[in-house]
Amino acid sequence: MAEQNISAQPSGGGIPAQSQSGAEEDRVFVASQWKLMWWRFRKHRVAGAASIVVAGFYLVAIFAEFFASSYPREAYTKLSYLEPQSIHWFDDGKFSPFVYAMSGKRDPATMLKVYTPDLETKVPVRLFVRGYEYKVLGILKTDRHLFGPTERDKMPDMFIIGADQLGRDVYSRMVYATRISMSIGLVGVFITLVLGISLGGVSGYYGGFADTVIQRIIEISISIPTIPLWLGLASAVPKDWSILKVYLAITVIISLIAWTGLGRVVRGKFLALREEEFVMAARLSGASTPRIIFRHMLPSFLSHIIAATTLAIPSMILSETALSFLGLGLRAPAVSWGVLLQGAQNIQAIALFPWLMTPALAVVVAVLAFNFMGDGLRDAADPYAN
Amino acid sequence: MITYLVRRTILAFFTVFSISVIAFTMIQLPAGDFADIYIASLTGGGQRTGMLSPEDAVEVEKAVRAKWGLDRPLVVQYWGWASRMVVGDFGQSLDQRRPVIEVIGDRIVLTVALAFTTVVLTWVMALPIGIYSAVRQNSVGDYVFTFVGFIGLATPDFLLALILLWISFAVFDFSVGGLFSRQYVNAPWSMAKAWDLLQHMWIPAIVLGTSGTAGLIRVLRANLLDELRKPYVVTARAKGLPEWKVILKYPLRVALNPMVSTIGYILPALVSGSVIVSVVLSLPTLGPILLNSLFTQDMLMAATIVLLLGTMTVVGTLLSDLLLVIVDPRIKLG
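Fair warning: this is a prediction, and the values are worked out from it, not measured in the lab.

### Quick word on the overall build of chain A
- Regarding its fold elements, chain A presents 15 helices and four strands.
- The dimensions of chain A, computed from C-alpha atoms along their principal axes, are 85 × 60 × 40 Å.
- Relative to its full complement of 386 residues, chain A shows a buried share of 40%.

Here you go:
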């Protein structure tokens, strides 16, 4: 606790107040840039909470098999469009969570399936139950899942947020979709980063003709409405490509336009820095251009790039969701949040089966978390500013 | 001023040219050339039988190839396509068997109208909220607007449209889709129809405008806060001007610049968003047609729409930049 107090105080701008002791002042003066940033970032409570949420999302993405309660492509057709099941926590006054087995009948008037709980058959629900077999990280074989029903022959799954048209568990599919939706942001941002730093760097460092050309390209890309363009390019992706190929193609299509924002940031920084004395000193000492760029200039605004990158990820996630939602991005059997939302595209589906919209919640929470985290990083990125 | 105008116009033309190149590339992307797809669509590829006999097909194929010069180099083809576009010949829609212009004519007007309404609505909402948030900084109202703004920024338009669709259906039991009441859908244009359109327009406009409004409020609030701390505001207050006049007369005018300059990047986002929102809310704009033409591989139609949407955006951005120069005399030209 004491440790936290000491480190939290000087982080308010880097210049300690008069009243603080000499030891604390020394701590600030000798602290590295990254340490100052860390102190500053930690003060940002919302950003801290957001980072935990983001970390949680990636944890779910990595261990999706464990968090899912059933195999995402397993279709229990008898339970098509089953509404979310409620978990009963107490059985006869004792804590023993269970769900009722469900059986459906088609209503002759509306042709919709109506489900009634079978009050005789209680299926216990436990943590760390056995389910389908999988490999953790592709290595360790196991069949344990975070939670699920124990007697899968009576009730194959819990369906805590219902089932889709084919009777697949929406919750498990959402968990699996986290993998594609969250990683497409990372892969896309990586491509964006490479394009943004190299083109923005050339533009800012060399200036002149290259700068003019790259700036015009950026100006033009910014003024083109992206979605129609993406749709056009994405529709050219052959239908018989594998999931991985489509995934890469979509990522590249999105990144081709998204790099411009980062390119502008990098260019601005290079423009400002190339006149600095330390760059001139490096040049006069005979450092090569790549060395000047990567060893001297880049580290001085790496923090800004990290912040800009964090803020670019959510727009990637949204782009993929939008494309897949319209049916021109990833296609089934791939599962991403956008693919899942395809089921909620028309008014009938939304009105009758509103739980199909839950993946939207995951999108909004993930995007919000990334935005708050990026805001915090941006504030912390410049620890010497007051 | 003249130099600036010329420079901006040239850049705008160059942008439209780039978009047209991209759109043309889109036509080339699917396997087989335009004539192959056209003939396949006419002979039905086994599905639509009896539309064209094989002998006629060869003739038609020849004619199509001749008309579009498909055997010539790509540059020549592009030139032919682009020059026909300039004089208003958008070609034939493969899917609907009508001239493209006939299919999308009305929809262009509605798309422009929707974009315009959204921009106006964005301003009308952002202006008072932005002023309030700046003048009453850190009040409860300010926090509420900030929070709602963040959610508005994070929620993609089409999700908002979906949620709105669901709420209107579940709570109010009416459907918000479309831009016209049933009796006006196919009616000729009249004052009553225009009024009906306005009544339907505000829902999609709100859906589309949310993220733009949220962004604008943030910018306006930050700018106004900067201005309010400047000495001339104190002077105005010391002279005994009423508070509303102090704010509206000077600092607001300075803080207003971003309102105009942000149209430049609100517009592309807005046109983009309108494509998806139109699909969800089934609005008769260019969006659903674009999507449909992409699914049916009606690439000529799709390319035309992409080019039109792009051109609209570029023109809108150009206008807003010129407006900015007029509003703010401090802007250096050149």
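### Quick look at the overall build of chain B
- Each helix and strand in chain B was counted, giving 15 helices and zero strands.
- Burial analysis of chain B (334 residues in total) assigns 33% to the buried set.
- Sequence separation of 24 or more characterises 71% of the internal contacts of chain B that already satisfy a separation of 6 or more.

### A look at the nonpolar core
- By size, the foremost hydrophobic cluster in this structure holds 137 residues, and its most contacted members are Leu162(B) and Ile305(B).
- At 12 residues, the largest contribution of residues to this core is made by helix α6 (residues 170-206) of chain A.
- Sequence-distant contacts of Leu162(B), defined by excluding residues within four places in its chain, comprise Ala344(A), Ile350(A), Met357(A), Ala360(A) and Val280(B).
- Counting residues in hydrophobic clusters, the runner-up holds 14 residues, among them Ala126(B), Ile129(B), Leu216(B) and Ala255(B).

### Focus on the packing of helix α7 (residues 208-222) of chain A against helix α9 (residues 243-273) of chain A
Residues and elements named next belong to chain A.
- Remark: α7 packs on α9, axes separated minimally by 9 Å, with the N-to-C direction vectors making an angle of 130°. The orientation of α7 with respect to α9, classified from their angle, is oblique. For the pair α7 and α9, the crossing hand works out as left-handed. In this structure, α7 uses Ile218, Ser221 and Ile222 to contact α9, whose residues at the interface are Ile257, Thr260, Gly263 and Arg264.
- Residue composition of the contact of α7 with α9, by class: three nonpolar, three polar and one charged.

### Side note on unusual backbone geometry
- The residue Ser282(B) is not glycine, and still its phi comes out positive at about 40°.
- Mapped onto the elements of the fold, Ser282(B) is located in the loop between α13 (263-280) and α14 (286-295).

### Overview of helix α10 (residues 277-284) of chain A
- Where burial is concerned, little of α10(A) is hidden: zero out of the eight residues are buried.
- Of the residues flanking the end of α10(A), it is Gly286(A), one or two places downstream, whose phi is positive at about 85°.

### Observations concerning the sheet that holds strand β3 (residues 113-136) of chain A
All names here are of chain A.
- Strand order in the open sheet formed by four strands is β1-β2-β3-β4, and the pairing between neighbours is antiparallel. Edge strands, defined here as strands with exactly one partner in the open sheet, are β1 (88-91) and β4 (140-149). Within the sheet, the average angular offset between the axes of one strand and its neighbour, ignoring direction, is 50°.
- Pairing geometry for strand β2 (residues 94-106) and β3, over nine bridges, is antiparallel. Bridge assignment links glycine 104 to a residue of β3, and that residue is tyrosine 115.

### A few points about the confidence of the model for chain B
- Scored by pLDDT, chain B comes out at a mean of 78, with 84% of its residues at no less than 70.
- For this predicted complex, the interface confidence score (ipTM) comes to 0.76, while the overall pTM stands at 0.80.

### With respect to the interface of chain A and chain B
- Contacts between the two partners involve 32 residues from chain A, matched on the other side by 40 residues from chain B.
- Elements represented by at least two residues in the side of chain A that touches chain B include exactly α7, α8 (226-234), α12 (302-325), α14 (347-352) and α15 (358-380) of chain A.
- Its residues placed into classes, the side of chain A that touches chain B shows 25 nonpolar, six polar and one charged.

### A closer look at the pairing of β1(A)
Residues and elements named next belong to chain A.
- Sheet analysis places β1 next to β2, joined by three bridges and oriented antiparallel. Along β2, the bridge assignment pairs histidine 88 with phenylalanine 98.
- Hairpin connection between β1 and β2: a loop of two residues separates the two successive antiparallel strands, and aspartate 92 in this loop has a positive phi of roughly 55°.

### A few points about the packing of α8(A) against helix α15 (residues 299-327) of chain B
- For the pair α8(A) and α15(B), the least separation of the axes is 9 Å and the interaxial angle reads 160°. Taken together, α8(A) and α15(B) sit at an angle that is classed as roughly antiparallel. Crossing geometry of α8(A) relative to α15(B) is assigned as left-handed. Note on element contacts: α15(B) touches α8(A) through Ala302(B), Ile305(B), Val306(B) and Leu309(B), opposite Pro228(A), Leu229(A) and Gly232(A).
- A breakdown of the residues in the contact of α8(A) with α15(B) according to their chemical character gives six nonpolar, one polar and no charged.

### Structural notes on the confidence of the model for chain A
- When pLDDT is averaged across chain A, the result is 80; 92% of the residues are at 70 or more.
- For the stretch residues 1-18 of chain A, pLDDT sits under 50, and the model shows 25 contacts to residues farther than four places along the chain or on other chains.

### Description of the environment of Gly310(B)
- Take Gly310(B): it is sitting in helix α15.
- For the pair Gly310(B) and Arg84(B), spaced 226 residues apart in sequence, the C-alpha separation works out to 18 Å.
- In contact with Gly310(B), other than residues within four places in its own chain, are Ile224(A), Pro225(A), Val16(B) and Ile19(B).

### Here we look at the environment of Arg253(B)
All names here are of chain B.
- As for its placement among the helices and strands, arginine 253 is situated in helix α11 (residues 251-255).
- The class for arginine 253 is exposed, based on 12 C-beta atoms found within 10 Å.
- For the pair formed by arginine 253 and valine 327, sequence separation is 74 residues and the distance between their alpha carbons is 9.0 Å.

### Some points on the environment of Val233(B)
Residues and elements named next belong to chain B.
- Structurally, the position occupied by valine 233 is in helix α9 (residues 231-238).
- Sequence separation between valine 233 and lysine 249 is 16 residues; the distance between their C-alpha atoms is 10.0 Å.
- Apart from residues lying up to four places away in sequence, valine 233 is in contact with Glu227, Leu228, Val246, Tyr250 and Pro251.

Conventions used here
Numbering of residues starts from 1 in every chain and runs along the sequence as written. To label them, take the chains in the order written and letter them from A, then take the ligands in the order written and number them from 1. In keeping with the predicted nature of the model, local features appear solely for residues at pLDDT of at least 70, side-chain atom pairs appear and are counted solely at 80 or more, and the whole-chain, interface and lining totals rest on all residues. Strands here mean DSSP runs of E at least two residues long; helices mean DSSP runs of H or I at least four residues long; both are numbered from the N terminus. As a rule, residues whose C-beta atom has 12 or fewer other C-beta atoms within 10 Å are exposed, those with 20 or more are buried, and those in between are partly exposed; C-beta atoms are placed from the backbone. Here, residue contact means that the backbone-derived C-beta atoms of the two residues sit within 7 Å. Any set of buried Ala, Val, Leu, Ile, Met, Phe, Trp, Tyr and Cys residues joined through C-beta atoms within 7 Å is what this text calls a nonpolar core. In this description, a line fitted to the C-alpha atoms serves as the axis of each element, helices being fitted only across the stretch in contact, and the angle between N-to-C directions of two axes falls anywhere from 0 to 180 degrees. We call two directions roughly parallel when the angle between them is under 35 degrees, roughly antiparallel when it is over 145, roughly perpendicular when it lies between 65 and 115, and oblique otherwise. Working rule for handedness: look at the near helix, and if it is turned counterclockwise from the far one by less than a right angle, call the crossing left-handed; if clockwise, right-handed. For this classification, the nonpolar set comprises Ala, Val, Leu, Ile, Met, Phe, Trp, Tyr, Cys and Pro, the charged set comprises Asp, Glu, Lys and Arg, and every other residue, Gly included, is treated as polar. Between any two strands, at least two bridges found by DSSP are needed for them to pair. The pLDDT value tells you how sure the predictor is about a given residue, anywhere from 0 up to 100.

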